[in-house]
Amino acid sequence: MKATALLVAVATSVPSVYGWGTLGHQTVALLAQQYLLPETISAVQGILNDTTPAYMGRIALWADQFRTTPDGKFSSPFHFIDANVTPPGTCGVAMSDCPEEGCVVSAIANYVSRGGPGLWLDS
Ligand SMILES: [Zn+2]
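These lines cover the structure that appears in this document, whether it is placed above or below. Everything numeric here is computed off the predicted structure, so don't read it as measured data.

This paragraph deals with the nonpolar core. Listed in full, the five residues of the largest apolar core are A29, V44, Y55, M56 and A60. Once residues within four sequence positions are removed from consideration, M56 is found in contact with A29, A32, Q33, L36 and V44.

Now the structure itself:
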């Protein structure tokens, strides 16, 4: 019920300029945040400095907005991966799905190796 109300609130406040891309990004973010562990919620909210109910939905467009800036142009391939899946037979992500220019998986690995927040390494 809570998640449904949150999705409706976001869906009705979506700027039309981004079309379904905005709605898709925010919907995935809001669904994903429902599966976070309490300690992960605290860590993510701390990083984002946002404790509002839609803390992940509110940042879901950042990567797409950043990649359109001169400073962020390099990051364009780093916020997604086109997984080679054929549901329902196979459903998963492999590093072979990551193109040579990079993807979100290689970008996260690179970030963590450079001393990122280490959300997955500190527990
Ligand atoms: Zn995107």
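What follows concerns the environment of D64. Position of D64 relative to the elements: it lies in helix α4 (residues 62-66). Sequence separation between D64 and H79 is 15 residues; the distance between their C-alpha atoms is 8.1 Å. The contacts of D64, once residues within four sequence positions are left out, are H25 and H79. A polar side-chain atom of D64 sits 2.9 Å from a polar atom in the side chain of R67.

Rules behind the numbers
Residues numbered from 1 in each chain as written. Predicted model: local features only at pLDDT ≥ 70, side-chain atom pairs only at ≥ 80, totals over all residues. Heavy atoms only, no water. Core = buried A, V, L, I, M, F, W, Y, C linked by side-chain atoms within 4.5 Å. Buried < 20%, exposed > 50% of the residue type's maximum accessible area, 1.4 Å probe, protein only. Contact = heavy atoms within 4.5 Å. Helix = DSSP H or I, 4+ residues; strand = E, 2+ residues; numbered from the N terminus. Polar contact = N/O pair within 3.5 Å; in protein donor to acceptor, adjacent residues only side chain to side chain.

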